[in-house]
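Per-entry structural report
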Amino acid sequence: MNPLFSRMPTNIFTAMSALAVEHKAVNLGQGFPDQDGPVSMRAVAAKALMEGPNQYPLMRGVLPLRQAIADHARSFYGLEYDPASEIVVAAGATEAVADTLIALVAPGEEIVLIEPAFDIYRPLAQAAGLVVNTITLSPPDWRLTAEALKAAITPRTKAVLLNNPVNPIGRVFSQEELTLLADAVRNTDAVVISDEVYEHFSFDGRKHVPFASLPGMRERSVRIGSAGKIFSFTGWRVGWVMGPKDMITAIANVHQFVTFAAPPAQQLGVAHGLTGEMDFPLELNKALQQKRDLLAQGLTALGFGVLPAEGTYFLTASIDGISNENDRAFCERMAREGGVAAIPLSAFYAEGGPQIYVRFAFCKQRAVIEEALARLKVWLCG
Ligand code: GLN
């Protein structure tokens, strides 16, 4: 067996969700919405499922979906991608990330990850045989700096994996920070793999800036998106990647051997969503901002040191003023005794990293967040 995987524990989201079930805890751990997305999208998918065909769809994705993805990129950001040659639909953004890492970087070449990082990136990069250099962001402002970029990007760097907005810390990188990254890769061989699955969830009037929209960067980057995130259908497994034709050709060549295609009925449901249901994510963004505020105020009142959450489904809070335990021990005890599950931030670091922060998901109904806060109040304040 590959020791990378045989010695790896079950991922933290599954572990904390299992603990939540065992202790009947309110689950603010694993980041999935507790209300499904638009009924009209389900109706389109259900009809396609009943009427068929239910055979392999086009390898790169059904045409109406690739067209809708191209139209979405144009109408929101003014970005042009050719549906025939510059877009691949994958079975979730996770597959798109895996395909892209394998396709754009050769074994032994270097990739830069920015930590704290979503947990799939490093194992996938390592499985692809890549050498990982790490930029570590520092709390409480988690800013990307020119010095850190300069130290991590070498002449051997072939890719930088950017996640923006950032899971787990809820940062939305500013135009200045993105420009620093663009400047750092401009005269190198490196491309930027930009995971933008939370593109529609930026708060307080922030606008999402796709990395590809920076000067010169459309030809130097690929952009990954997710129907699961945009429409609250995380189980549908429909994601995509867009970029210049040569990179997308290589990515499609991996995709054909990994899953070959994403489920056709869901793809048609998503095509309908991108053309007719874009109010859904825009409304969800407003609701998420309100839920962030509800959770942030509640946690602050209980003594947590809540950090700003600029986007995504997540906020991070320090347990410094509450407990002497490390984040993992605290989260396990909070699930068992306090009846609330969350994710220790150290899970998003390969090693080291702070052990005083906890990630809470607020993509839940208000009553669920209120119940979690009420339980924490009883637990912490008696
Ligand atoms: N993206 C979600 C999170 O960060 C779920 C990840 C997962 O379950 N693999 O919580």
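Below you will find a few notes about this structure.

This brings us to the overall build of the protein. Of the regular secondary structure elements, the protein holds 14 helices and 13 strands. In terms of overall dimensions, the protein is globule-like: its C-alpha atoms have a radius of gyration of 20 Å, near the 21 Å expected for 382 residues. Projecting the C-alpha coordinates of the protein onto the three principal axes gives extents of approximately 60 × 55 × 45 Å. Considering only residue pairs separated by 6 or more positions, the protein has 76% of its internal contacts joining residues 24 or more positions apart. For the protein, the exposed surface amounts to about 15600 Å²; the carbon and sulfur share of it is 54%. Here the protein carries 33 positive and 39 negative side-chain charges, and the mean point of each set is 1 Å from the other.

Further remarks concern the site of the ligand. Near the ligand you find Asn11, Phe13, Gln30, Gly31, Phe118, Asn167, Tyr198, Lys229, Phe314 and Arg359, and these make up its full shell. Taking Gly31, its main chain carries an N or O atom lying 2.6 Å from an oxygen atom of the ligand. Within the side chain of Asn167, one N or O atom sits 2.8 Å away from an oxygen atom of the ligand. Within the complex, the protein chains bury 82% of what would otherwise be the 300 Å² of accessible surface of the ligand. A molecule is said to occupy a pocket when more than half its atoms come within 2 Å of that pocket's grid points, and by this definition the ligand occupies the largest pocket. Taken together, the residues of the shell around the ligand break down into four nonpolar, four polar and two charged.

Now for the sheet that holds strand 7 (residues 221–226). Taken in spatial order, the seven strands line up as 2-8-7-6-5-3-4 in an open sheet, and their pairing is mixed. Edge positions in the sheet fall to strand 2 (87–90) and strand 4 (131–136), since each of these pairs with one other strand and no more. Direction aside, neighbouring strands of the sheet carry axes that sit 20° apart on average. With four bridges connecting them, strand 2 and strand 8 (residues 239–242) associate as antiparallel partners. Across the sheet, the residue bridging to Val89 is Trp240, located in strand 8. The strands touched by helix 10 (residues 245–258) within the sheet are strand 2, strand 6 (191–195), strand 7 and strand 8, with strand 2 carrying the most contacts at an inclination of about 25°.

Counted under the stated rule, the structure contains one cavity of 30 Å³ or more. In this structure, the largest cavity encloses a volume near 70 Å³. Forming the walls of the largest cavity are 13 residues, and the residues nearest its centre are Ile114, Pro116, Leu161, Asn163 and Val166. Counting residues per element, the ones that place at least two in the lining of the largest cavity are strand 3 (110–115) and strand 5 (157–163). Looking at the lining of the largest cavity element by element, the count peaks at three residues for strand 5. Classifying every residue of the lining of the largest cavity gives 11 nonpolar, two polar and no charged.

Another aspect to go through is the packing of helix 3 (residues 39–51) against helix 11 (residues 264–276). The relative placement of two packed helices is expressed as an angle between their axes plus a distance between the axes. For the pair helix 3 and helix 11, the least separation of the axes is 8 Å and the interaxial angle reads 145°. When the axes of helix 3 and helix 11 are compared, the crossing they make is right-handed. Each of Ser40, Met41, Val44, Ala45, Ala48 and Leu49 in helix 3 lies in contact with helix 11, whose residues at this interface are Ala265, Gln266, Leu268, Gly269, Val270, His272 and Gly273. Of the residues that constitute the contact of helix 3 with helix 11, the class distribution is eight nonpolar, five polar and no charged.

A few words now on the pattern of salt bridges. Summed over the entire model, instances satisfying the criterion amount to 23 salt bridges. Note that Arg218 and Glu86 form a salt bridge whose closest N and O atoms lie 2.7 Å from each other. One end of the pair, Arg218, is in the loop between strand 6 and strand 7; the other, Glu86, is in the loop between helix 4 (63–77) and strand 2, and 132 residues separate them in sequence. The two residues Arg218 and Glu86 agree in class, both being buried. Between Arg122 and Glu115 there is a salt bridge, with its nearest N and O atoms 3.0 Å apart. Take Arg122 and Glu115: they sit in the same class, and that class is buried. Linked through salt bridges whose partners overlap, the residues forming this network are Arg143, Arg171, Glu177, Asp204, Arg206, Arg292, Asp293 and Glu310.

Basis of the calculations
- Residues numbered from 1 in each chain as written.
- Predicted model: local features only at pLDDT ≥ 70, side-chain atom pairs only at ≥ 80, totals over all residues.
- Heavy atoms only, no water.
- Helix = DSSP H or I, 4+ residues; strand = E, 2+ residues; numbered from the N terminus.
- Rg over C-alpha atoms; globule rule 2.2 N^0.38 Å.
- Contact = heavy atoms within 4.5 Å.
- Areas by Shrake-Rupley, 256 points an atom, 1.4 Å probe, with all protein chains shown as cover.
- Lys, Arg positive; Asp, Glu negative; His and termini not counted.
- Charge placed at Lys NZ, Arg CZ, Asp CG, Glu CD.
- Near = heavy atom within 4 Å.
- Polar contact = N/O pair within 3.5 Å; in protein donor to acceptor, adjacent residues only side chain to side chain.
- 1 Å grid on protein atoms, 1.4 Å probe; cavity = no way out; pocket = protein on both sides within 12 Å on 5 of 7 lines; lining within 4 Å.
- Sits in = over half its atoms within 2 Å of the grid points.
- Nonpolar A, V, L, I, M, F, W, Y, C, P; charged D, E, K, R; others polar.
- Pairing = 2+ DSSP bridges.
- Axes fitted to C-alpha atoms, helices over the stretch in contact; angles between N-to-C directions.
- Points joined across faces, edges and corners; volume = space filled by probe spheres on them.
- Left-handed = near helix turned anticlockwise from the far one by under 90°.
- Salt bridge = Lys/Arg side-chain N within 4 Å of Asp/Glu carboxyl O.
- Buried < 20%, exposed > 50% of the residue type's maximum accessible area, 1.4 Å probe, protein only.

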